[in-house]
Amino acid sequence: MSGAAARDPALALVLSGGVALGAFHAGALVAMGEAGLEPGWLAGSSIGAVVAAIHAGSPPGERAARLAAFWRRAAAPDLRAFLPVPPQAAQLWSVATAQVAGPPSLYAPNLPGATLLPLGSPGRSGRFSLEPLRRTLGELVDFGRLGSGEVRLTVVATDLASGDPVVFDTARGGVTMDHLLASSGFVPDFAPTCVDGRWLGDGGLSHNAPVATVLEDGAGGDLACVVLDLFEPPGIPPDSLARAQERRYDLLFGNQTRLALEAARREGELRAAISLLAKSLPPGAGADPATRELLALGRARRADLLRLAYADPADDVGMTSYDFGGAALSRRWEAGARAVRDGLVPWLAGVRAAPTLPGTTLEERRVSAAALA
């Protein structure tokens, strides 16, 4: 693009749900800050919404420390510090303790005497209560700063009655603590939250990586949207119950996101074609109501999409989304940082240098932690 000024598209970051895999998001955000990249818009579901809220609700100079503090509190003790066991046994122990008791900073067993909710209430439909997460976020998130709009935050939950996605946005009404807890209520593991008379559960039940929510916002010009996805569909058939359960999540959530991205790409190309068609029509052609309605679907802006999908090492024992072991969290954090350095930074440089043509592009890359194991 000789002689042309570099493009400067708005940068948005979409963070998917995935429980303990979300350390990947934290590593990516810290690496973006180190590279001088500041997304103006963060959108997330479940742990993606939580990590995004900590980032957006912290002063720029404290973001890395607060994200590190969150994951340090979540980390489970390493069994190998007490017993000479192989790594796989330590990982099984970490998963088992998370499934029985949970990291005390994030969730705790939803025992009958631990809540004042009546029997039969949807609030009792989770094995774990998210009240510990409420306390942790109360210490790490400045909700005043979060509501200031310095960094826009979009959080997605799911209405457990209708099945519809429910969107909360600091640009439209604000984001509260209850919204973050609702987005994290992956039933039946975690209890849902009642917001304005509706019982809301995990955003992953409708939009695990809410990229459509970002792309459907028609405001603004060119957009560079990066999707950090914690589930990767390509893999191998599982050979154990634990790996089968994790493989189910890979397929359910990873395919959900891939389909959403492909639909966004096709819709973007269609809107660009309609926009170009409108410019070639003779004067007065848009007077017909049907034609005018069609032309209104056109959009000339350019949207570039990058999906960075995380994958745990193939030799993990399974149920990795509940592995809060310190070694696993560190691998994921570093994988997120590497995804930014090796994937996002060069991709964004190419986007900025590309000609401004309407439409939607899509690139996908897999970021494995195998090399970091």
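Residues numbered from 1 in each chain as written. Predicted model: local features only at pLDDT ≥ 70, side-chain atom pairs only at ≥ 80, totals over all residues. Heavy atoms only, no water.

A.B. asks: Even after reading the chapter, I still don't get the pattern of salt bridges, so can you show me in this structure?
C.D. replies: A pair can form between side chains of opposite charge whenever their charged atoms are brought close. Tallied over the full model, the rule gives 25 salt bridges. The closest approach of N and O atoms between Asp217 and Arg172, which form a salt bridge, is 3.1 Å. In this pair, Asp217 is assigned in the loop between helix H9 (211-215) and strand E9 (223-229) and Arg172 in the loop between strand E6 (165-169) and helix H7 (177-183), connecting sequence segments 45 residues apart. Given the relative accessible area of 58%, Arg172 is considered exposed. Salt-bridge contacts for Glu334 lead to Arg341; the nearest nitrogen and oxygen are separated by 2.6 Å. Note on Glu334: relative accessible area 30%, which makes it partly exposed. For Arg341, a relative accessible area of 44% translates into the label partly exposed. (Salt bridge = Lys/Arg side-chain N within 4 Å of Asp/Glu carboxyl O. Helix = DSSP H or I, 4+ residues; strand = E, 2+ residues; numbered from the N terminus. Buried < 20%, exposed > 50% of the residue type's maximum accessible area, 1.4 Å probe, protein only.)

A.B. asks: In this structure, what is going on with helix H2 (residues 47-56)? I would like to understand it.
C.D. replies: Note that an α-helix has 3.6 residues per turn; residues three or four places apart therefore point the same way. With 10 of 10 residues buried, H2 is to be regarded as a mostly interior element. Within H2, the full set of buried residues consists of Ile47, Gly48, Ala49, Val50, Val51, Ala52, Ala53, Ile54, His55 and Ala56.

A.B. asks: It is not clear to me how the packing of helix H1 (residues 23-34) against helix H12 (residues 326-353) should be interpreted in this structure. Could you clarify?
C.D. replies: Helix-helix packing is described using two parameters, namely the angle between the two axes and the distance between the axes. At a closest axis distance of 7 Å, the pairing of H1 and H12 adopts a crossing angle of 45 degrees. When the axes of H1 and H12 are compared, the pair comes out oblique. Both H1 and H12 take part in a crossing whose hand is right-handed. Contacts between H1 and H12 involve Ala23, Phe24, Ala26, Gly27, Ala28, Val30, Ala31 and Met32 from the first element and Leu329, Arg332, Trp333, Ala335, Gly336, Ala337, Ala339, Val340 and Leu344 from the second. Taken together, the residues of the contact of H1 with H12 break down into 14 nonpolar, 2 polar and 1 charged. (Axes fitted to C-alpha atoms, helices over the stretch in contact; angles between N-to-C directions. Parallel < 35°, antiparallel > 145°, perpendicular 65-115°, else oblique. Left-handed = near helix turned anticlockwise from the far one by under 90°. Contact = heavy atoms within 4.5 Å. Nonpolar A, V, L, I, M, F, W, Y, C, P; charged D, E, K, R; others polar.)

A.B. asks: Help me understand the nonpolar core, please; the structure alone is not making it clear to me.
C.D. replies: A general trend in soluble globular proteins is that nonpolar side chains are found buried together. Membership of the largest hydrophobic core comes to 79 residues, with the highest contact counts inside it found for Phe70, Trp71, Tyr322 and Phe324. Judged by nonpolar contacts, the second largest core, of 15 residues, contains Ala12, Cys225, Ala264 and Ala303. (Core = buried A, V, L, I, M, F, W, Y, C linked by side-chain atoms within 4.5 Å.)

A.B. asks: Can you walk me through unusual backbone geometry in this structure?
C.D. replies: Negative phi characterises most residues that are not glycine, and trans characterises most peptide bonds. In this model, Val187 is joined to Pro188 through a cis peptide bond whose omega is 5 degrees. Even without being glycine, Val19 reaches a positive phi, approximately 55 degrees. Turning to its location among the elements, Val19 is positioned in the loop between strand E1 (10-15) and H1. Positive phi, close to 60 degrees, is recorded for Ser46, a residue that is not glycine.

A.B. asks: Explain the pairing of strand E10 (residues 302-311) here, please?
C.D. replies: Counting buried positions over the 10 residues of E10 gives 10, a clear majority of the element. By the alternation rule, side chains of E10 split into Arg302, Asp304, Leu306, Leu308 and Tyr310 and Ala303, Leu305, Arg307, Ala309 and Ala311, which are all buried. Summarising the sheet, E9 and E10 pair through 7 bridges and their orientation is parallel. Looking at the pairing, Cys225 lines up with Leu305 of E10. In this sheet, strand E11 (residues 359-368) lies alongside E10 in parallel orientation, the contact comprising 10 bridges. (Pairing = 2+ DSSP bridges.)

A.B. asks: Can you help me understand the packing of H2 against helix H3 (residues 63-74) in this one?
C.D. replies: Where H2 contacts H3, the axes come no closer than 9 Å and their chain directions differ by 140 degrees. When the axes of H2 and H3 are compared, the pair comes out oblique. Between H2 and H3, the contacting residues are Ile47, Val50, Val51, Ile54 and His55 on the first element and Arg63, Arg66, Leu67, Phe70 and Trp71 on the second.

A.B. asks: How should I be thinking about the packing of aromatic side chains in this particular structure?
C.D. replies: Centre-to-centre distance and the angle between the planes together describe a pair of aromatic rings. The tally for this structure, following the rule as stated, stands at 12 aromatic pairs. Aromatic pair Phe186 and Tyr249: ring centres 6.0 Å apart, planes at 75 degrees, arrangement edge-to-face. Placement of Phe186 in the loop between H7 and strand E7 (193-195) and of Tyr249 in helix H10 (residues 241-280) is noted, with a sequence separation of 63 residues between them. With respect to burial, Phe186 and Tyr249 carry one shared label: buried. (Phe/Tyr/Trp six-rings, centres within 6.5 Å; stacked < 30°, edge-to-face > 60°.)

A.B. asks: Before we go on, may I ask you to explain the pairing of strand E5 (residues 152-159) in this structure?
C.D. replies: Across a regular strand the side chains alternate sides, sitting on one face of the sheet and then on the other. In terms of burial, E5 is a largely internal element, 8 of the 8 residues being buried. Side-chain alternation along E5 places Arg152, Thr154, Val156 and Thr158 on one buried face and Leu153, Val155, Ala157 and Asp159 on a second face that is also buried. Relative to E5, strand E2 (residues 41-45) runs parallel, the two being bridged by 5 bridges. Bridged to Ala43 within E5 is Thr154. Across 5 bridges, the pairing between E5 and E6 is antiparallel. Within E6, the position partnered with Val156 by the bridge is Val167. Counting the residues that bridge the hairpin from E5 to E6 gives 5 residues, and of these Gly163 lies at a positive phi of roughly 85 degrees. Bridging between E5 and strand E8 (residues 198-201) involves 2 bridges; their strand directions are antiparallel. Residue pairing in the sheet places Asp159 in a bridge with Leu200 of E8.

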